[in-house]
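Structural description and commentary
For reference, the chains in residue letters:
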Amino acid sequence: MKNHVLRPLWVVLAGIALLLIVRHFMVPKDFGVEEGGNFTYNYHRLASTDDWKEFKVKYRGLEYCRECHEENVESILASPHAIIQCENCHGPAIDHPDDPEVLVIDTSRAQCLRCHTYLPYPTSQRSELPGINPQEHNPGEECVDCHNPHNPDLENM
Amino acid sequence: MSCSRRDFLKNTFKTSLATALPLSAFKMLSPAEVKAYTGDPATRWVFLVDTQKCVGCGLCVKACKLENEVPYDPPVTRTWVERYVILKNGQTHIETPLGGNALIESPFGGRDGYIDSKIDGKNIPPDQIAKGFFVPKLCNQCDKPACVQVCPVGATYRTLDGVVLVDRKWCIGCGYCIMACPYGMRFFHPVYKVAEKCTFCYHRITKGMKTACVQACPFEARQIGNLKDPNDPVTKIIMNERVSVLKDEYGTKPQVYYIGLDTNVR
């Protein structure tokens, strides 16, 4: 075959070889599908699934709080606020008491109003919750000055 | 040895058939092996949202952001809660982080809850309200995820237990998946500079915990379950009660099921 035909062919072949070499070093060794997976949806770097599994858990849940704060857990469980998780107001425990040493409690008015602003929505459970109009009910005051979140019963105020 | 033309053709046909048949065709597989080959693991994570129970407190959004290190103040979130108010004259007020009659005063996907009865700064007389409700939204972890199909580098994928994840080390941040998702669930992570989405708290559910949003919800409006487990309470509801999904017409087979959806919810 004539030289002028072969020469571009070598260039193309060299290009393909280079691509394969680069690909060999660039693509992680564990790229593929898990057993039973398919190439349409499951093709990935297999270690990535473990990366996500090792993500740090920050909201530890009521049982974790109970290990030290038994009394407070019992008081909230005996109240209508039993359905509210500790960490919703006290903040995520993360590694408390080591890190953070102190949890900052959200005692703001806005925190209470999340549920207790009355909204007149006939098709939502929201309208069935005890609710106030924040513009009329002691505006500017903090709810926790009068109400105890661990015992919100109005008769025990 | 004589060989007629007919015999020659016959034998050629038989031999080629026999050689084309791989040895593996004669291998007997145990049912367990077949199950593994066809991708039928024991877990398929699904989500159930009861919009009748949601009160729009937004504690789920807050918990999600803190649990998953989603930047707290930028307008990005893995999950959000929408407020729908439909008036008796047919007019609709919808608050979403992505448009509709977006309410500037209460942005961030309902992260701080809905603490004002005003919508768009307007007072709405209660007697004009026909329906008012809240709809939490999160990634549908589709069975046929459009976002995975468009990824040019294989950085996003569906795990065998049905959760769509993004490989942060491999994502190049091209944003195709963000455009492809019919639900607008994906966004660009401002810190890691990669595509970001709800993972069903993969680090929690694989340890036997509930997702951060499910745990934070006081009203059990959000639930997570395993569709492959017939005794799972979530599975029982999905199988036996009237549930629906969002945007079924896209054919992505979404796996977040809703109770009490309204036709105004898109």
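Residues numbered from 1 in each chain as written. Chains lettered and ligands numbered in written order. Predicted model: local features only at pLDDT ≥ 70, side-chain atom pairs only at ≥ 80, totals over all residues.

1. Topic: the overall build of chain B
A tally of helices and strands in chain B yields eight helices and eleven strands. With the principal axes as the frame, chain B shows a C-alpha extent of 105 × 40 × 40 Å. Taking the contacts inside chain B whose residues are at least 6 apart along the sequence as the reference set, 62% of them involve residues at least 24 apart. (Helix = DSSP H or I, 4+ residues; strand = E, 2+ residues; numbered from the N terminus. Contact = placed C-beta atoms within 7 Å.)

2. A word on the overall build of chain A
What chain A contains, in helices and strands, is six helices and two strands. Along chain A, helices and strands appear, N-terminal first, in the series α-β-β-α-α-α-α-α. Against the compact-globule benchmark of 15 Å for 157 residues, chain A has a radius of gyration of 30 Å, which places it well outside the compact range. Reported as C-alpha extents along the three principal axes, the dimensions of chain A are approximately 100 × 40 × 35 Å. Considering chain A as a whole, with its 157 residues, one finds that 17% of them fall into the buried category. (Rg over C-alpha atoms; globule rule 2.2 N^0.38 Å. Buried ≥ 20, exposed ≤ 12 C-beta atoms within 10 Å, placed from the backbone.)

3. With respect to the confidence of the model for chain B
Residues and elements named next belong to chain B. With 91% of its residues at a pLDDT of at least 70, chain B reaches an overall mean of 88. Looking over chain B, one finds the lowest element-wise mean pLDDT in strand β4 (residues 99–100), namely 44, and the highest in strand β7 (residues 164–166), namely 97. This stretch, residues 98–106, has a pLDDT under 50; its non-local contacts, to residues over four places away or in other chains, come to 17 contacts. What the predictor reports for the complex is a pTM of 0.84 with an ipTM of 0.88. (pLDDT = per-residue confidence, 0-100.)

4. Topic: the domain arrangement of chain B
Residue and element names in this part refer to chain B. Domain annotation for chain B reports domain 1 (45–142 + 199–259) and domain 2 (146–196). Here the C-alpha centroids of domain 1 and domain 2 sit 21 Å apart. In this assembly, 16 residues from domain 1 lie in contact with 13 residues from domain 2. (Domains from an automatic or database assignment.)

5. A look at helix α6 (residues 109–116) of chain A
Taking burial as the measure, the eight residues of α6(A) include six buried ones, the bulk of the element. Within α6(A), the full set of buried residues consists of A:Gln111, A:Cys112, A:Leu113, A:Arg114, A:Cys115 and A:His116.

6. Quick notes on unusual backbone geometry
Cis geometry marks the peptide bond from A:His96 to A:Pro97; its omega dihedral reads 15°. By secondary structure assignment, the location of A:Pro97 is in the loop between α5 (86–90) and α6.

7. Regarding the environment of A:Gln111
Residue and element names in this part refer to chain A. For Gln111, the position within the fold is in helix α6. The exposure class of Gln111 is buried, given the 22 C-beta atoms found within 10 Å. Taking the C-alpha atoms as reference points, Gln111 and Leu154, separated by 43 residues in sequence, lie 18 Å from one another.

8. Here's the deal with the pairing of strand β1 (residues 45–50) of chain B
The two faces of the sheet receive side chains in turn, since in a regular strand these alternate between them. Residues and elements named next belong to chain B. Along β1, six of the six residues are buried, which leaves the element largely enclosed by surrounding structure. Residues Trp45, Phe47 and Val49 point to one face of β1 and Val46, Leu48 and Asp50 to the other, with burial holding for every one of them. Both β1 and strand β10 (residues 222–226) contribute to a ladder of five bridges, which runs antiparallel. Paired with Phe47 across the bridge in β10 is Ile224. As defined by bridge partners, β1 adjoins strand β11 (residues 256–259) across four bridges and the pair is classed as parallel. When the sheet's bridge partners are listed, Leu48 is paired in β11 with Tyr257. (Pairing = 2+ DSSP bridges.)

9. Quick look at the sheet that holds β11(B)
Residue and element names in this part refer to chain B. Taken in spatial order, the three strands of this open sheet run β10-β1-β11, and their pairing is mixed. The sheet is open, and its two borders are formed by β10 and β11, each paired with just one other strand. Taken over all neighbouring pairs, the strand axes of this sheet differ in orientation by 25° on average, direction set aside. Docked against the sheet, helix α8 (residues 233–240) engages β1, β10 and β11, running at close to 95° with respect to β10. (Axes fitted to C-alpha atoms, helices over the stretch in contact; angles between N-to-C directions.)

10. Brief notes about the interface of chain B and chain A
In this complex, chain B contributes 49 residues to the contact, which on the side of chain A involves 42 residues. Of all elements in the fold, only α2 (31–37), α3 (59–67), β5 (129–137), α4 (146–149), β6 (156–158), α6 (202–205) and α7 (212–216) of chain B reach the threshold of two or more residues within the side of chain B that touches chain A. Classifying every residue of the side of chain B that touches chain A by side-chain character gives 26 nonpolar, 15 polar and eight charged. (Nonpolar A, V, L, I, M, F, W, Y, C, P; charged D, E, K, R; others polar.)

11. Thoughts on the nonpolar core
Side chains of a nonpolar character, in soluble globular proteins, are inclined to be buried together. All names here are of chain B. In terms of nonpolar packing, the biggest core is built from 64 residues, with Phe47, Cys60, Ala63, Phe200 and Cys213 touching the most fellow members. There are two domains that each give this core at least three residues, and those are domain 1 (45–142 + 199–259) and domain 2 (146–196). Those residues in contact with Cys213 that sit more than four places away from it in its chain are Cys60, Ala63, Cys64, Thr79 and Arg222. (Core = buried A, V, L, I, M, F, W, Y, C linked by C-beta atoms within 7 Å.)

12. Some details on the environment of B:Tyr250
Examined against the element boundaries, B:Tyr250 turns out to sit in the loop between α8 and β11. Under the C-beta neighbour-count criterion, B:Tyr250 is labelled partly exposed, with 15 such atoms within 10 Å.

13. Let's talk about the environment of B:Glu33
All names here are of chain B. Along the chain, Glu33 falls in helix α2. Residue classification places Glu33 among the exposed residues on the basis of 12 C-beta atoms within 10 Å. Placed 214 residues apart in sequence, Glu33 and Lys247 show a C-alpha to C-alpha distance of 36 Å.

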